[in-house]
Amino acid sequence: MKQKLQHRGITVIILLLFVFLATAFVACGSGKDKKDSSAGGQTETGGKTGTGDDTGTTGDDDAGTGGKTGTGDDTGTTGDDDTGTGDDAGGDDDTGTGGGTDTDKTGAISGSVSGTVILAVNESGDIIASYDTTGNSPGIDGRYSFTLTGIPVGQSIRLYLIRFGVYPLYFDTNGDSVSDTNVFSLTSSVTINLGFMDTNIERGKAIAENNPTDTPGVNAGLENTDIPIVINKPITTGLSFNELLANGFSALNNGWMLRARDFFKAAVDSAEKPKSNVTTNDADTARVFYALTRIAAIGFDYYSDGNPYDMNSLGDILDRLGCEDSDLARANAEAISCDGFIPDNSPTAGELQAFLYNVVRPELKGAIINLDAVSTQFNKQLTEPAAFFEGTVDLDYGDVLIVRAAMKSTLASLLIAHAYDLDFDTGRYLVLFAGDSLTTERFLDENPGFLLLNMDKSPLDLLSDASGHIAESLDDLDAGINSIQNEVDDQSDDLITLEGMTTGEIAGARNIIAVAKTCLSGPCILSDNGTPLDSSDDAIIDLTYFFGPRGTQDLRDILPPFSGNGVSGLFPDTYFGGVLVQGAFINEDIDPADGIPDILQ
């Protein structure tokens, strides 16, 4: 038990020190789907047929009661993606009756993909046609066929594939096997067959099997690296709650996080308007998925705002790291390119720490507020691929409690990190590290304030707030386990399940949660070492010496001395400022007896 407790104490401290860095790296990662696509999803009646494409009176992604049909392209009285009486002609996403063109002459584009949304954009940056393969069945080669109709003649056209990022279609114009433009135009009413559009040939781009300019009546245009704003920021005004919710799931199915977040936010706003007739469960569904996507969207906001100094988004961090800043280079995670050199303007660790506090923390708090409003009766069944899982997934209030517990514990970690001075010149030390010139001893000597409480940030208040969030997280975790345990329906399709755990194991887990919460408010016994009648060998900790009110600890003061990268002596405080009350012999030096704590060897 001594060894286990000692290792636990060190592990907790290390986690507290570096959780903020881990969160930052997570934010830089892109989401990955378990499968390209599958049957099911968000569709409307009528299918994807008709004299036109992507129209209808109302509906989800470019569809309505008529189901992606109509005399023009992407039109209808109301609707979402690229539908409406107008937009730029009075309606939703950048289309108008008849496809928003200045001529009656139109062509078509066909091809196949591995499962995605395909968008056609005109020279004004308006979406003029779109197709979503969700709900379709793939061919024997696993690919999904698509057709975009109503492509205007005489306008510059760009195509984009959407799948956990935006992939512009590029092609070669001079035969040198290097794709050099993403713009083409039709000079007559022709049909272009692109074949398979592959996103794995050139980084961050979609490359068609067939060059569009091989079709007579198609000309290449000059490259346009801009990503139209409407692709990631949809117009939500004028849409009903049901349309907003359906469009949110449609975007989520394709990993279109920025767009999904905006739709779910608008759905929440719609549901919470006075005299709203939205059912409680539907409103809760919007709240749950807005809470999830507002956090996820932070990790997908790669785009540069043109300001090389601010730190308000992941795109700003990429700017400061000297990454290429064109829309094309930020359209998806695979496209991001940095030159490998650390610029002088690269963000310091303190600035990354501030980013987590100033940008990520408010979104976490907002997401928690969203989940706080969810009813205990919440239940939502999602059919693939809406939940990114095979088959059907059932969400209920127990899942909400577990997710909220995770958010509150993450929020507590950010507050703890913000209470300490974690600043250092990341660029300089990355260079030293790459050159094998950096040691722990050198780093600590050159940064004497590192791990000290930052008295400029009211650390006592931050740590007290963190303790409160941890306590609430433990309460939610316990309540979530209890809720899931008491469910009587089939658990095989639940998002979070206790299947495989015995009643005794569940009781044991809940007991650990209770002990952990006790430790936040005073001395608590972690173990009696098998001697319940003898308290002298009990392992006891008191986290009030870390979180307050009894006092707070400069973490720097509890570090052992270092020589190079190795520990060269014992811990200066065997009680870690009072946190370790009894039973943790952190300076035990027996095997071998060399003046270095055994737990560090």
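Below: a short report on this structure. (Residues numbered from 1 in each chain as written. Predicted model: local features only at pLDDT ≥ 70, side-chain atom pairs only at ≥ 80, totals over all residues. Heavy atoms only, no water.)

**Observations concerning helix α5 (residues 280-296)**
And step 1. For α5, built from 17 residues, the straight-helix expectation of 24 Å at 1.5 Å per residue is met to within 8% by its first-to-last C-alpha distance of 24 Å.
And step 2. Where α5 is buried, its residues meet α3 (241-253), α4 (257-271), α8 (349-372), β11 (379-383), β12 (392-396) and α9 (397-418). (Helix = DSSP H or I, 4+ residues; strand = E, 2+ residues; numbered from the N terminus. Expected span 1.5 Å × (residues − 1). Contact = heavy atoms within 4.5 Å.)

**Considerations on the pairing of strand β6 (residues 166-170)**
And step 1. Most of β6 sits out of view: five of its five residues are buried.
And step 2. Here β6 shows a buried face lined by Val166, Pro168 and Tyr170 and a second buried face lined by Tyr167 and Leu169.
And step 3. Pairing geometry for strand β5 (residues 156-162) and β6, over three bridges, is antiparallel. Directly across from Tyr160, in β6, lies its bridge partner Pro168.
And step 4. Taking the residues that link successive antiparallel strands as the turn, the β5-β6 hairpin has three residues, and the phi of Phe164 there is positive, at about 50°.
And step 5. In this structure, β6 lies alongside strand β9 (residues 206-208), joined through two bridges in parallel fashion. The partner of Leu169 across the bridge, within β9, is Ala206. (Buried < 20%, exposed > 50% of the residue type's maximum accessible area, 1.4 Å probe, protein only. Pairing = 2+ DSSP bridges.)

**Quick notes on the packing of α4 against α5**
And step 1. Two elements in contact, α4 and α5, have axes whose closest approach is 8 Å; the angle formed by their N-to-C orientations is 145°. Where α4 crosses over α5, the two elements pack in a sense that is left-handed. Mapping the contact onto sequence places Met257, Ala260, Arg261, Phe264, Lys265, Ala267, Val268 and Ala271 in α4 and Ala283, Ala286, Arg287, Phe289, Tyr290, Thr293, Arg294 and Ala296 in α5.
And step 2. In terms of residue class, the contact of α4 with α5 is built from eleven nonpolar, one polar and four charged. (Axes fitted to C-alpha atoms, helices over the stretch in contact; angles between N-to-C directions. Left-handed = near helix turned anticlockwise from the far one by under 90°. Nonpolar A, V, L, I, M, F, W, Y, C, P; charged D, E, K, R; others polar.)

**Brief notes about the side chain of Asp316**
And step 1. Mapped onto the elements of the fold, Asp316 is located in helix α6 (residues 314-320).
And step 2. Arg330 provides the closest opposite charge to the buried, salt-bridge-free Asp316, at an N-O distance of 6.9 Å.
And step 3. With residues near it in sequence (within four places) discarded, Asp316 still touches Asp305, Asn307, Asp310 and Met311. (Lys, Arg positive; Asp, Glu negative; His and termini not counted. Salt bridge = Lys/Arg side-chain N within 4 Å of Asp/Glu carboxyl O.)

**Side note on the pattern of salt bridges**
Any two side chains of opposite charge can pair if their charged atoms end up close together.
And step 1. Overall, the coordinates contain 17 salt bridges when judged by the stated rule.
And step 2. Lys233 serves as the salt-bridge partner of Asp262, at 3.8 Å between the closest nitrogen and oxygen. With Asp262 in helix α4 and Lys233 in the loop between α2 (229-232) and α3, the pair connects residues that are 29 residues apart, well separated along the chain.
And step 3. Judged by relative accessible area, Asp262 falls into the buried class, the value being 13%.
And step 4. What emerges from the salt-bridge pattern is a single network uniting Asp372, Arg404, Lys408, Glu472 and Asp476.

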